[in-house]
Structures are given as structure tokens and as C-alpha cells.
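Inside the fold
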Amino acid sequence: MKVLVAVKRVVDHNVKVRVKSDGSGVDVANVKMAMNPFDEIAVEEAVRLKESGAASEVVVVSCGAMACQETLRTAMALGADRAILVHTDAELQPLAVAKLLKALADWEQPRLIITGKQAIDDDCNQTGQMLAALLDWPQATFASRLVIEGDQACVSREVDGGLETLALALPALVTTDLRLNEPRYATLPNIMKAKKRPLDIVTPVELGVDVAPRLKVLGMAEPAGRGAGVMVPDVATLLDKLRQEAQVI
Ligand code: AMP
């Protein structure tokens, strides 16, 4: 069983992002980038499937600038067998990424595709769902457990007040949630080995996909700063302030 995993290069989750002064977007110049955390979980899950014998090959895909090769090398250091970069310097929105991944899936014919539930930069939470729709495959989003049983994937999802378990006929698409697994760290020997693994580069034109944005970002702003707190002498004053000033009770 071949597993295709989508990995996005995003601003490292430890970095405090800054909005550009003209409000047109986030400033990513000279900012540390990393693999989207949910995609690390997706890679880890695919590699575990391979280690358990359920998967035969793990192919990682990233869409974006040449620098995404770094993210793909990291994925291969974590255990992916080979990588594909869909190279474009154009701004990519989830529908465009889903179309690119659909074209690659038609070519690669994986039995399972794993994506993150959302990219921490745009927080869209759309690509996996759109991709499943374009492929007309069953999907299980926000997976916290994944087991392959013959021609089925059994996926548990955390829902309000409990767990939902779904059985999907393969080929299928799964998006990862935080509790699916704890990704491993890449070891130095594996980082070295990953440098020699195959990494193909294709373009949206070669895949026959129009990646023109469908949405226009009108503006972006940082959240308003929080005001300083005040000490209140007693509970009565606190209740009074909550009633009169904050008007929350
Ligand atoms: P989003 O819909 O943007 O929140 O992204 C959800 C998931 O889709 C991510 O966790 C990735 O697995 C995948 N994805 C989104 N954008 C890209 C990209 N440019 N390259 C590869 N995978 C992507």
C-alpha cells in the first residue's frame, strides 16, 4: 500500500508572527520556517504504517517555493521514502493545493492520503476535505487513531463527549489531529541518508492545474493588545466591576 503525505512549509510554531505594516499579510522575511506540526504527525503515522508492514512506500509532497525541498528532506529524515515538490512561487490557496494533490494522486495511485487537519499559518482546515471531494474518496478528518484492516481504514475521531470510530473503504483520505501520535526526532544518520533519497520536481503547468487564487485577502490585523489588570480589594468590588464595567454578569 502506497501512502501519500502532504507536508506544508510554514512559519515555525515558536515564532511570534508579525503582520506587515500595510496589513497585506504576514511578514515571513528572515523568519524561521518548519514543517506544519500536523504534517509531522501525518509523516509519523505513515512511517509507522510502513514499519508495521501495513504500508509499502511513503511518498511526501509539498507545494510551494524551492525552499520546500528542505521540508521534504526533513520528512525523508523521519522515514519517508521519496518526495515530490510541486514548484511554484505563486500564492497557493487550499483549492489550488487540493487540485495539485489530486493530479499527483491520479499519477501515483496511493491507497491512502494523509494530510494535516490544518496548516498553522492560514488555519484554513480545507485542503484535505477538498482533496477527498475532488478524488471522490471517503474521508475521516481529525483522526486520533488509525488502523488499517485489509481493505479498510478504521479511524477514531475525538468528538464532543466521546470518540467516533469510522470504517473507510480504501482508497481513503485521513487528516491528522494532535493526539494521533508523537512524532519522532530525525537522527543525524537519517538526516544524512535523506539527502540521497529521490526528490522530483514538477510544476503546476506540467500537472495541468490552474493555481490562480479564488479568494482575495482584504486585510490582516494583529489582535488588540490586552490592557493591564487591576487589583480589587474585595469580592463585592469584583462583582460590581463585572456587572457595571465588564457587563458580563
Ligand atoms: P489547510 O487547509 O491550509 O489548513 O491545510 C491542511 C493540510 O493540507 C496541511 O496540514 C497539509 O497537510 C496540506 N497542505 C496545505 N497546503 C499545502 C502545501 N502548500 N503543500 C503541501 N501540503 C499542503
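Figured I'd write up the structure that's included with this text. These numbers come from a predicted model, not from an experiment.

Some thoughts on the overall build of the protein
Secondary structure summary: the protein contains 7 helices and 11 strands in total. Projected onto its principal axes, the C-alpha coordinates of the protein cover approximately 65 × 45 × 40 Å. Every one of the 249 residues in the protein was classed for burial, and the buried ones make up 40%. Of all intrachain contacts in the protein linking residues separated by at least 6 positions in sequence, the fraction that spans at least 24 positions is 70%. Within the structure as shown, the protein displays about 13,900 Å² of accessible surface, and the carbon and sulfur contribution to it stands at 54%. The averaged location of the 33 negative side-chain charges in the protein is 3 Å from the averaged location of its 28 positive side-chain charges.

What to know about the packing of aromatic side chains
Tallied over the entire structure, the rule returns 0 aromatic pairs. Note that Lys117 overlies the ring of Phe142, its terminal NZ or CZ placed 5.0 Å from the centroid.

Observations regarding the site of the ligand
Neighbouring the ligand are 18 residues; Asp39, Ala119, Asn125, Gln126 and Thr127 lie closest to it. Cys63 is positioned such that a nitrogen or oxygen atom in its backbone is 2.8 Å from a nitrogen atom of the ligand. Here an oxygen atom of the ligand sits 2.7 Å away from a polar atom, N or O, in the main chain of Asn125. Residue assignment for the shell around the ligand shows that the elements contributing at least two residues are strand E4 (57-64) and strand E6 (112-116). Ranked by the residues each element gives to the shell around the ligand, the list is headed by E4, at 3 residues. Split by residue class, the shell around the ligand holds 7 nonpolar, 8 polar and 3 charged.

Things to note about the environment of Tyr185
Mapped onto the secondary structure, Tyr185 falls in the loop between strand E10 (172-176) and helix H5 (188-194). Along the primary structure Tyr185 and Arg214 are separated by 29 residues, whereas in three dimensions their C-alpha atoms are 37 Å apart.

Points about the state of the cysteines
Evaluated as defined, the whole model comprises 0 disulfides. Not engaged in a disulfide, the cysteine Cys63 finds its nearest cysteine sulfur in Cys68; these two sulfurs lie 8.0 Å apart. Free of any disulfide, Cys124 has its nearest cysteine sulfur in Cys63, 14 Å distant.

Quick look at the nonpolar core
One finds Val5, Val43, Val60, Leu112, Ile114 and Leu146 to be the most contacted residues of the largest nonpolar core, which totals 37 residues. In this view, Leu112 contacts Met1, Lys2, Val3, Leu4, Leu49, Leu146, Ile148, Leu170, Ala172 and Val174; residues no more than four positions away in its chain are not counted. The next biggest cluster of nonpolar side chains, apart from the first, holds 25 residues, and it includes Leu4, Val86, Leu92 and Leu135.

Description of the packing of helix H3 (residues 94-108) against helix H4 (residues 127-135)
At a minimum axis distance of 8 Å, the contact between H3 and H4 shows a crossing angle of 45°. Comparing their axes, H4 and H3 come out oblique. At the point where H3 passes H4, the crossing takes the right-handed sense. Contact with H3, carried on its side by Pro94, Leu95, Val97, Ala98, Lys99, Leu101, Lys102, Ala105 and Asp106, involves Thr127, Met130, Leu131, Leu134 and Leu135 of H4 and no other residues of that element.

What to know about unusual backbone geometry
In this chain, Leu170 is followed by Pro171 through a cis amide linkage whose omega measures 5°. Relative to the helices and strands, Pro171 is located in the loop between strand E9 (162-169) and E10. The residue Asn125 is not glycine, and still its phi comes out positive at about 55°. What makes Asn125 partly exposed here is its relative accessible area of 26%. The phi dihedral of Phe142 is positive, around 55°, even though this residue is not glycine.

Describing the pattern of salt bridges
For side chains of opposite charge, pairing can occur when their charged atoms come near one another. Across all of its chains, the model carries 16 salt bridges by this definition. For Arg48, the salt bridge goes to Glu44, with nearest N and O atoms at 2.7 Å. Highlighted residues: Arg48 and Glu44, both in helix H1 (residues 37-51), separated by 4 residues, approximately one helical turn. Accessibility expressed as a relative area gives 4% for Glu44, which makes it buried. In this structure, Asp106 engages Lys102 in a salt bridge whose closest nitrogen and oxygen atoms are separated by 2.7 Å.

Describing H4
Restricting attention to buried positions, one finds in H4 the residues Gly128, Leu131, Ala132 and Leu135. Taken down its axis, H4 places every buried residue within 100° of arc, on the same side. Looking at the buried residues of H4, the elements they touch are H3, E6, strand E7 (139-149) and E10. Asp136, located one to two residues past H4, shows a positive phi value of around 60°.

Cut-offs and rules
- Per chain, residues are indexed from 1 in the order of the written sequence.
- Whole-chain, interface and lining totals are the exception, using all residues; otherwise, since this is a predicted model, local features are given only for residues with pLDDT of at least 70 and side-chain atom pairs are given and counted only at 80 or more.
- The side-chain figures draw on all heavy atoms in the structure; neither hydrogens nor water molecules are used.
- Segments assigned H or I by DSSP are reported as helices when at least four residues long, segments assigned E as strands when at least two residues long, and all are numbered from the N terminus.
- Here's how the labels work: a residue is buried when its accessible area is under 20% of the maximum for its type, exposed when over 50%, partly exposed in between, all with a 1.4 Å probe on protein chains only.
- Contacts between residues were defined by any pair of non-hydrogen atoms, one from each residue, lying within 4.5 Å.
- What sets the accessible areas is the Shrake-Rupley method with a 1.4 Å probe; for residues, cover comes only from the shown protein chains.
- Only four residue types enter the charge count: Lys and Arg as positive, Asp and Glu as negative, with His and the chain ends excluded.
- Just so you know, the charge point we use is NZ for Lys, CZ for Arg, CG for Asp and CD for Glu.
- Note on ring pairs: Phe, Tyr and Trp rings are taken, using the six-membered ring of Trp, and paired if centres are within 6.5 Å. Classes follow the plane angle, with under 30 degrees stacked, over 60 edge-to-face and the rest tilted.
- Note on geometry: a ring has a charge over it if NZ (lysine) or CZ (arginine) is within 6 Å of the ring centre and within 35 degrees of the ring normal.
- One heavy atom within 4 Å of a molecule or strand makes the whole residue count as near it.
- Identification of polar contacts relies on pairs of N or O atoms within 3.5 Å, with a donor-acceptor requirement for protein atoms, meaning one able to donate a hydrogen and the other able to accept it, and with residues adjacent in sequence counted only if both atoms are side-chain atoms.
- Ten residues, namely Ala, Val, Leu, Ile, Met, Phe, Trp, Tyr, Cys and Pro, are considered nonpolar, four, namely Asp, Glu, Lys and Arg, are considered charged, and the remaining ones, Gly among them, are considered polar.
- Sulfur atoms of two cysteines make up a disulfide when they are within 2.5 Å.
- Residue types Ala, Val, Leu, Ile, Met, Phe, Trp, Tyr and Cys, when buried and joined through side-chain atoms within 4.5 Å, form a set referred to as a nonpolar core.
- Where helices are involved, their axes are fitted lines through C-alpha atoms of the stretch in contact, as for all axes, and angles between N-to-C directions lie from 0 to 180°.
- The cut-offs work like this: below 35 degrees is roughly parallel, past 145 is roughly antiparallel, 65 to 115 is roughly perpendicular, and the gaps in between are oblique.
- For a crossing to be left-handed, the near helix must be turned anticlockwise from the far one by less than a right angle; the clockwise case is right-handed.
- Salt bridge, as used here, is a side-chain nitrogen of Lys or Arg placed within 4 Å of a carboxyl oxygen of Asp or Glu.
- The arc in question is the one spanned by the directions pointing from the helix axis to the C-beta atoms.

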